[in-house]
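So the chains spell out like this:
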Amino acid sequence: MSRLVVISNRVAVPKARGAAGAQGGLAGALNSALKKFGGIWFGWSGQESEDRTGNINLQRSEGVTTATIDLSARDIDEYYNGYANSTLWPLFHYRLDLTEYERETGISYERVNERFAECVTPLIESDDLVWVHDYHLLPLGERLRSRGLKNRIGFFLHIPWPPTRLFVSLPFHERLVKTMLHYDVIGFQTQEWLESFLHYCTKELGADVDEATGLISYEGRTVRAKAYPIGIDWDHFQAQGDSEEAKVAEQRLIESTRNRTAMIGVDRLDYSKGLPERIDGIGRFFDQHSERVRDLVYIQIAPPSREDVQSYQQIRETLEQKTGQINGARSEVDLVPIRYVNRGYSHGELFGFFRACKIGLVTPLRDGMNLVAKEYLAAQDPEDPGVLILSRFAGAAAQMPEAVLVNPHSPDDVSHAIKLALDMPLEERKRRYHAMIQTVRDDNVQDWTEAFTRDLAEVSCKT
Ligand code: ADQ
């Protein structure tokens, strides 16, 4: 069997997984894949240093070898905070209003991709499958090819691919997509993002695209584009749910919310997750049903994220303000309607919290998939499941239409969904839960890695 070389912006060693703190869905998924295949996970250490000697730090932990490099202060500022998180992230989440276009950060993005290629190439053996991840590394395939790599190289985008009309606002958009067409397989979370990409290739590049098979022919090369919806690590999550930690967390929440229905939201503090809009929806519910304020408590767990980027500082302020306003107006000596917790928890604790909450609110304005929606369901008691309120703009909505789907921009819609969830009879809750849980259990992260790596392995080697 071929080894697997995973390349992503950040590398997270497996033992960090259970630790308290926000860890993106990507980390857990990739650790599972690497344990199965053996091989290497290459990326940025998360550390800053001015060392340009190309020193690579190799470590082995729980069956996974990690290879990391440090980045300079300038690279972190311009490649990571700049082009990746102030240009591509907002643009790909349809937020033109937050998208910054700076020529310098674009140049740094290319430079760091080149440095990644330079450092990882000597670690790659001729038969390895190479799997590149996410928007930080869109041009890496082309950089690896320019160094003579003939391996099968795949790419997976964890976030949405924007509609062509938005994407063309990116200076040098053609150049970026042309570099992507050096991969052999390109994966997207949903059919919708896949279609947007194929549309761009047809309309803007004039590539020969077969919509049915996802095959793109361009300048003598053929690339396969396909949707591979990511899932959770079901077994791991269930095991966490059986832990003492989960039981204590569940009990703690039940006791502290006695006689009130608990609703929960767990999100990185990111503007794409629709947090202020969600608080507006909850505020609207309290306005429309003031008699029910005493029945309800909303718990928002939102650890800070990308704090060096200005738009992330703003979202934090906005959220604190809105939460403060509602609590100020609606609290009583023995009652606070919204609990806002600005930190991360382990998956065991999250399992316990999810299980204790009768309503899960997952309302991003735009999201590639959203694993929290799946984790919430995975933590429910099948005999008395809670209700998932899910944004129709999350990739997960395409897989789970039985959730209570909402338009997260509309406070009335969110308020109405809360009312529906609170009053939903047990039979209907069970029916919806059972319709969704099969997808969550069966289309899990192991299945996802298998589907992607199988397709990549089937590509014939270039000789
Ligand atoms: P994210 O934007 O990070 O991931 P998501 O899919 O929801 O979003 O994954 C978040 C993960 O972090 C979940 O496993 C969750 O449990 C964990 N997490 C969130 N808040 C936490 C907290 N307070 N404490 C501890 N853990 C917390 C990106 C894309 C998504 C896509 C994933 C995977 O933006 O659309 O689903 O990658 O491909």
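The numbering scheme is per chain: residues are counted from 1 as the chain's sequence reads. In keeping with the predicted nature of the model, local features appear solely for residues at pLDDT of at least 70, side-chain atom pairs appear and are counted solely at 80 or more, and the whole-chain, interface and lining totals rest on all residues.

## Overview of the sheet that holds strand S15 (residues 387-391)
Strand pairing in a sheet is mediated by backbone hydrogen bonds. Such pairs are either parallel or antiparallel.
Part 1 of the reasoning: DSSP calls a pair of strands paired once it identifies at least 2 bridges connecting them. The secondary structure listing takes helices from DSSP runs of H or I that are at least 4 residues long and strands from runs of E that are at least 2 residues long, numbered from the N terminus. Read from one edge of the open sheet, six strands run S13-S12-S11-S14-S15-S16, paired in parallel fashion. Looking at which strands have only one partner, the edges of the open sheet turn out to be strand S13 (338-341) and strand S16 (404-406). Neighbour-to-neighbour, the strand axes of the sheet open up by a mean angle of 20 degrees, direction not taken into account.
Part 2 of the reasoning: Inspection of the sheet shows S15 paired to S16 by three bridges, in the parallel sense. When the bridges of S16 are listed, Ile-389 appears paired with Val-404. The angle between two axes is taken between their N-to-C directions and runs from 0 to 180 degrees, where each axis is a line fitted to C-alpha atoms and a helix contributes only its stretch in contact.

## Looking at the nonpolar core
Part 1 of the reasoning: With 133 residues, the main nonpolar core has Ile-7, Ala-373, Leu-388, Ile-389 and Leu-390 as its most contacted residues.
Part 2 of the reasoning: Among the elements that make up this core, the one with the highest residue count is helix H2 (residues 73-92) (eight residues).
Part 3 of the reasoning: Where each domain begins and ends follows an automated or database-derived domain assignment. Mapped onto the domain boundaries, this core takes at least three residues apiece from domain 1 (4-231 + 445-457) and domain 2 (234-442).
Part 4 of the reasoning: We call two residues in contact when their backbone-placed C-beta atoms lie within 7 Å. In this view, Leu-390 contacts Val-362, Ala-373, Ala-396, Ala-397, Met-400, Ala-403, Val-404 and Leu-405; residues no more than four positions away in its chain are not counted. Residues of type Ala, Val, Leu, Ile, Met, Phe, Trp, Tyr and Cys that are buried and joined through C-beta atoms within 7 Å form what is called a nonpolar core. To sort residues by burial, count the other C-beta atoms lying within 10 Å of each one's C-beta; a count of 20 or more means buried, 12 or fewer means exposed, and anything in between means partly exposed. C-beta atoms are built from the backbone.

## A look at the packing of helix H10 (residues 275-288) against helix H11 (residues 310-330)
Part 1 of the reasoning: In the contact formed by H10 and H11, the axes pass within 9 Å of each other and the chain directions differ by 15 degrees. As summarised for this structure, H10 and H11 are arranged roughly parallel, according to the angle between their axes. You can see that H10 and H11 cross each other, and the crossing is left-handed. Contacts between H10 and H11 involve Leu-275, Pro-276, Ile-279, Asp-280, Gly-283 and Phe-286 from the former and Ile-315, Thr-318, Leu-319, Lys-322, Thr-323, Ile-326 and Arg-330 from the latter. An angle below 35 degrees is treated as roughly parallel, one above 145 as roughly antiparallel, one from 65 to 115 as roughly perpendicular, and anything else as oblique. A clockwise turn of the near helix away from the far one marks a right-handed crossing, whereas an anticlockwise turn of less than a right angle marks a left-handed crossing.

## Quick look at the domain arrangement of the protein chain
Part 1 of the reasoning: Along its sequence, the protein chain is organised into domain 1 (4-231 + 445-457) and domain 2 (234-442).
Part 2 of the reasoning: Relative placement of domain 1 and domain 2: their C-alpha centres are 30 Å apart.
Part 3 of the reasoning: Of all the secondary structure elements, the ones that give two or more residues to the side of domain 1 that touches domain 2 are H2 and helix H7 (191-203).
Part 4 of the reasoning: It is H2 that contributes the most residues to the side of domain 1 that touches domain 2, three residues altogether.
Part 5 of the reasoning: Just so you know the grouping, Ala, Val, Leu, Ile, Met, Phe, Trp, Tyr, Cys and Pro go in nonpolar, Asp, Glu, Lys and Arg go in charged, and all remaining residues, Gly too, go in polar. Of the residues that constitute the side of domain 1 that touches domain 2, the class distribution is nine nonpolar, twelve polar and three charged.

## Describing the pairing of strand S10 (residues 221-227)
Part 1 of the reasoning: Summarising the sheet, strand S7 (residues 185-188) and S10 pair through four bridges and their orientation is parallel. When the sheet's bridge partners are listed, Val-185 is paired in S10 with Arg-224.
Part 2 of the reasoning: Linkage of strand S9 (residues 215-218) to S10, two consecutive antiparallel strands, is achieved through a turn of two residues, within which Glu-219 is found at a positive phi near 45 degrees.

## What to know about the sheet that holds S10
Part 1 of the reasoning: Taken in spatial order, the ten strands make up an open sheet running S3-S4-S2-S1-S5-S6-S7-S10-S9-S8, and their pairing is mixed. This sheet does not close on itself; its edge strands, each paired only once, are strand S3 (57-61) and strand S8 (208-210). Taken over all neighbouring pairs, the strand axes of this sheet differ in orientation by 20 degrees on average, direction set aside.

## Section: the environment of His-93
Part 1 of the reasoning: Along the chain, His-93 falls in the loop between H2 and helix H3 (103-120).
Part 2 of the reasoning: His-93 sits 275 residues away from Gly-368 along the chain, and the two C-alpha atoms are 8.5 Å apart.
Part 3 of the reasoning: Ignoring sequence-local partners within four residues, the contact set of His-93 consists of Ile-159, Pro-160, Ser-272 and Arg-366.

## Section: unusual backbone geometry
Part 1 of the reasoning: The backbone of Tyr-94 shows a phi angle near 65 degrees, a positive value even though the residue is not glycine.
Part 2 of the reasoning: What makes Tyr-94 partly exposed here is the crowd of 17 C-beta atoms within 10 Å.
Part 3 of the reasoning: With a phi angle near 100 degrees, Asn-370 is a residue other than glycine that sits in the positive phi range.
Part 4 of the reasoning: In this structure, Asn-370 sits in the loop between strand S14 (359-362) and helix H13 (371-378).
Part 5 of the reasoning: By the C-beta count within 10 Å, which is 27 here, Asn-370 ends up buried.

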